[in-house]
Each structure stands twice: as structure tokens, then as C-alpha cells.
Amino acid sequence: MKIFVEKQLAAIDSEVTALVSVVRPILTGILYGIKEDIANELNGYENIKLKMLPRLYKPGDGDVGVSFEWAVHDAIKRHDSYIIERVIDACKMCRMPGTDHTSLMFGLEKAGRINLIDNLNAVITNNSRLLTGTQAQPPLLKNHIKQLAAAFRRPETRTALPYSINGLWKADLFIGTTDEDRWVGTTLKINPQNLEGARGLRIGIVPASQGRDDRIRKDEQKNLIICPLPYDGSFMELFYTGWRIVQQFLYADANVPFEVALPNPPERQVARELEMRREFNVLDVVQALEPQSQRNLLETESREVNATDHFQNNNGVSFNGAIVAPVAVTLK
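I will try to describe carefully the structure that is included in this document. Small disclaimer: the values here were computed from a predicted structure and weren't measured.

## A word on helix α1 (residues 15-33)
Here is step 1: Here α1 contains 19 residues, and its C-alpha end-to-end distance of 27 Å stays within 8% of the 27 Å for a straight helix at 1.5 Å per residue.
Here is step 2: Burial analysis of α1 places 15 of its 19 residues in the buried class, the great majority of the element.

What follows is the structure, given as C-alpha cells:
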């Protein structure tokens with residue numbers, strides 16, 4: 001699976017140029033999310049025209065997941081100074097031993113399937129244990145991974161999970177320490193109002209809101225350690241707006257959509273720029289739009305990670321796909 005991490009480098013300048021900046025990597029992500037065998041039938045990715053994307057793009061199947069979850073996961077793995085200190089403090093409140101903190105992504109849904117993403121299988125060992133907050137012996141994580149994946153899809157299988165972790169299928173990440181091999185189920189919500197507790201979940205991560213209490217604290221009602229993280233709302237909102245423009249443009253068969261679909265003039269201007277180039281190859285369009293973008297806004301980092309589908313095949317199945325993940329930074 002291809003991961004395109006879009007890191008914010010500067011504050012947002014002009015709305016139109018900033019939108020062009022985020023639309024470019026989104027188009028690239030959709031292009032490379034097309035299965036390789038399909039692209040080869042069309043003489044390769046470099047020859048796929050923009051007007052073909054609506055016919056090749058299937059929502060939820062190899063598309064671009066613009067995810068707060070990936071942004072947090074990536075920041076923890078990189079030990080981003082603005083993130084990792086708060087995550088470590090949250091882990092201490094869970095009485096987690098160890099010092100080598102990392103994140104394992106779980107539960108990214110694509111095409112209705114559960115995929116264990118990135119380094120989860122490589123890191124989990126036969127001794128990996130879950131800290132559930134109960135007095136019982138911490139359960140072994142590896143013993144329950146397949147049950148958790150099945151529980152997400154089939155509610156009737158959830159009763160087979162141990163009582164102490166029968167809500168762990170709601171986890172987005174497993175945060176833990178590799179030196180002590182202890183992990184906690186973690187849920188992430190971009191809207192704090194949607195944060196829910198469940199048996200097996202220990203940490204709830206939400207964006208910090210300016211002017212509000214950003215202390216790491218325990219929510220007794222949800223039985224979660226609430227960990228607000230620094231999050232540049234304006235940048236993330238811009239990224240979601242760019243994704244909406246592309247969605248509406250593709251839904252309109254690579255034409256400017258009706259005004260009701262994109263009523264904001266700057267958004268419609270970006271859609272017009274795309275429509276004028278619908279007969280050109282996607283990669284050429286992305287390159288041609290660079291001079292009209294805010295060039296110092298983003299830095300793209302491309303990675304290849306292993307995605308394994310444990311629900312469809314007990315032995316794991318690798319498949320192609322792409323994720324574009326916005327990573328906002330705290331600007332000085």
C-alpha cells in the first residue's frame with residue numbers, strides 16, 4: 001500500500017492556491033490507488049487521463065483516506081515532539097511500563113474489509129499483552145487479533161471475545177512500548193463529542209481546542225484517559241475541503257459540478273481548473289497546476305507499507321491501494 005504523507009510547512013495563504021496545493025496530492029493518491037493490473041490495461045499510470053478517474057474510482061476501494069488517525073499514528077512513530085510527550089503521559093496514567101513508545105494501526109476500513117496496516121504483524125509477539133485497566137492478568141494481544149477483526153464486521157462474533165476486551169474491536173490504534181511489550185487499545189475521534197468508551201479501550205485521543213481544557217485526564221464515565229493533541233484545524237479543514245472538491249468533481253464525471261454541490265466560489269474555481277484539463281493525463285495535470293499552488297504549503301513523503309487483510313484470508317492477503325494523510329504541524 002502506498003502512503004502519501006502531506007506535511008504542512010507553512011501557514012495558509014490564498015484560499016484558491018492553498019486548495020490547489022491539497023488537490024494535487026489527492027489526485028495523485030486516487031491515481032495510484034487504482035489497481036496496478038487495471039492501470040496496465042490502460043498503458044500505465046502515466047497514460048491515464050483525468051476524465052477516466054470517475055470510471056476507475058470506486059469509493060472505499062483503494063481510494064484516498066484523509067485520516068486524522070494516520071496523522072496521529074505517524075506522529076507517534078516519528079516521536080514528534082508536540083505529540084509523543086503527551087502520549088507518554090497518557091500511557092503513564094495507564095500504568096504502562098517501558099520507554100520505547102510506538103503506535104500500531106488497526107481498523108482502517110477499505111471496501112468493507114478490515115486491514116491491519118503497517119508494522120502491526122511485525123511488532124506483535126507471543127508475549128504482547130493488553131493493559132485493560134482491570135485486576136485480571138493482561139490478555140495476549142496476538143491471540144485475539146483475528147477475533148477483533150471479525151467482531152468489527154460481524155456483531156454476532158463479539159460475544160466470543162473475553163469480557164474485559166469485548167469492546168476492543170472499536171480501537172483505531174494500539175499504543176505501547178516495544179521494550180516491555182505492553183499495549184493499550186486507543187480510540188481517536190476528530191470530534192470529541194463522538195468519543196465513546198468500551199471494554200478494552202484505555203486511551204481516547206482528540207484534537208485540542210483553543211481556549212479549552214487540554215489537560216490529560218481520566219473520564220470516569222467513559223473509563224478513558226483523554227489525551228488532547230495539538231491539531232491545526234485550519235489546515236485539516238482545508239485538506240477535507242480539497243477532498244470534497246475532488247469527490248464532487250469526479251461525481252460530476254470530471255466536470256464542474258452543479259453550484260449546490262460546490263457553492264463556495266474558490267472551490268468552484270479549482271473545479272474549473274480541473275475541468276479545463278480533463279483530456280490530459282492525471283500526472284500532467286498535477287504538474288501543470290503546480291505554478292498555481294501555494295508551493296511552500298506542503299511537503300510530500302511517499303512510503304510503501306504492508307497491508308494485510310485478516311478478515312478475508314487467515315493467512316493474509318496483500319493488495320494495492322493508496323492513502324493520503326494530512327499531517328499538520330505547529331507553526332512557529
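## Digging into the side chain of E273
Here is step 1: Summarising the element assignment, E273 is placed in helix α9 (residues 265-275).
Here is step 2: Owing to a relative accessible area of 12%, E273 belongs among the buried residues under this scheme.
Here is step 3: A distance of 2.9 Å separates a polar atom in the side chain of E273 from a polar atom in the side chain of Q269.

## So, the pattern of salt bridges
Here is step 1: Counted by the stated rule, this structure contains 8 salt bridges.
Here is step 2: A salt bridge links D219 to K222; its shortest N-O distance comes to 3.7 Å.
Here is step 3: According to the relative accessible area criterion, D219 is partly exposed, its value standing at 22%.

## Section: the pairing of strand β7 (residues 201-207)
Here is step 1: Taken across its 7 residues, β7 has 7 buried, putting it largely inside the fold.
Here is step 2: Sheet topology note: the strand β6 (residues 182-188)/β7 ladder contains 4 bridges and is parallel. Paired with L188 across the two strands is I205, which belongs to β7.
Here is step 3: The sheet contact formed by β7 and strand β9 (residues 224-229) spans 5 bridges and is parallel. Counterpart to I203 in the pairing with β9 is I225.

## Considerations on the packing of aromatic side chains
Here is step 1: Scanning all chains against the criterion turns up 0 aromatic pairs.
Here is step 2: Its guanidinium or amino end placed over the ring of W169, R158 lies 3.6 Å from that ring's centre, counting from NZ or CZ.

## Comments concerning the state of the cysteines
Here is step 1: What the rule picks out here adds up to 0 disulfides.
Here is step 2: Among the cysteines around C91, which has no disulfide bond, C94 carries the closest sulfur, lying 6.2 Å off.
Here is step 3: Given a relative accessible area of 0%, C91 falls into the buried group.
Here is step 4: In this model C227 remains outside any disulfide bridge; the closest cysteine sulfur is found in C91, 8.3 Å from its own.

## Some remarks on unusual backbone geometry
Across residues other than glycine, the phi torsion is negative in most instances, and most of the peptide bonds are trans.
Here is step 1: The backbone phi angle of N223 is positive, close to 55 degrees, even though this residue is not glycine.
Here is step 2: Turning to its location among the elements, N223 is positioned in the loop between β8 (217-219) and β9.
Here is step 3: Judged by relative accessible area, which is 35%, N223 ranks as partly exposed.

## A look at the environment of Y82
Here is step 1: Structurally, the position occupied by Y82 is in helix α5 (residues 81-93).
Here is step 2: We classify Y82 as partly exposed; its relative accessible area is 34%.
Here is step 3: Separated by 148 residues in sequence, Y82 and P230 place their C-alpha atoms 6.9 Å apart.

## Focus on the pairing of strand β5 (residues 173-177)
Here is step 1: In terms of burial, β5 is a largely internal element, 5 of the 5 residues being buried.
Here is step 2: Both β5 and β6 contribute to a ladder of 5 bridges, which runs antiparallel. Considered in β6, the bridge of I175 is made with V184.
Here is step 3: Count of turn residues in the β5/β6 antiparallel hairpin: 4 residues, of which D181 carries a positive phi of about 60 degrees.

About the thresholds
Residues numbered from 1 in each chain as written. Predicted model: local features only at pLDDT ≥ 70, side-chain atom pairs only at ≥ 80, totals over all residues. Heavy atoms only, no water. Helix = DSSP H or I, 4+ residues; strand = E, 2+ residues; numbered from the N terminus. Expected span 1.5 Å × (residues − 1). Buried < 20%, exposed > 50% of the residue type's maximum accessible area, 1.4 Å probe, protein only. Polar contact = N/O pair within 3.5 Å; in protein donor to acceptor, adjacent residues only side chain to side chain. Salt bridge = Lys/Arg side-chain N within 4 Å of Asp/Glu carboxyl O. Pairing = 2+ DSSP bridges. Phe/Tyr/Trp six-rings, centres within 6.5 Å; stacked < 30°, edge-to-face > 60°. Lys NZ or Arg CZ within 6 Å of the ring centre and 35° of its normal. Disulfide = S-S within 2.5 Å.

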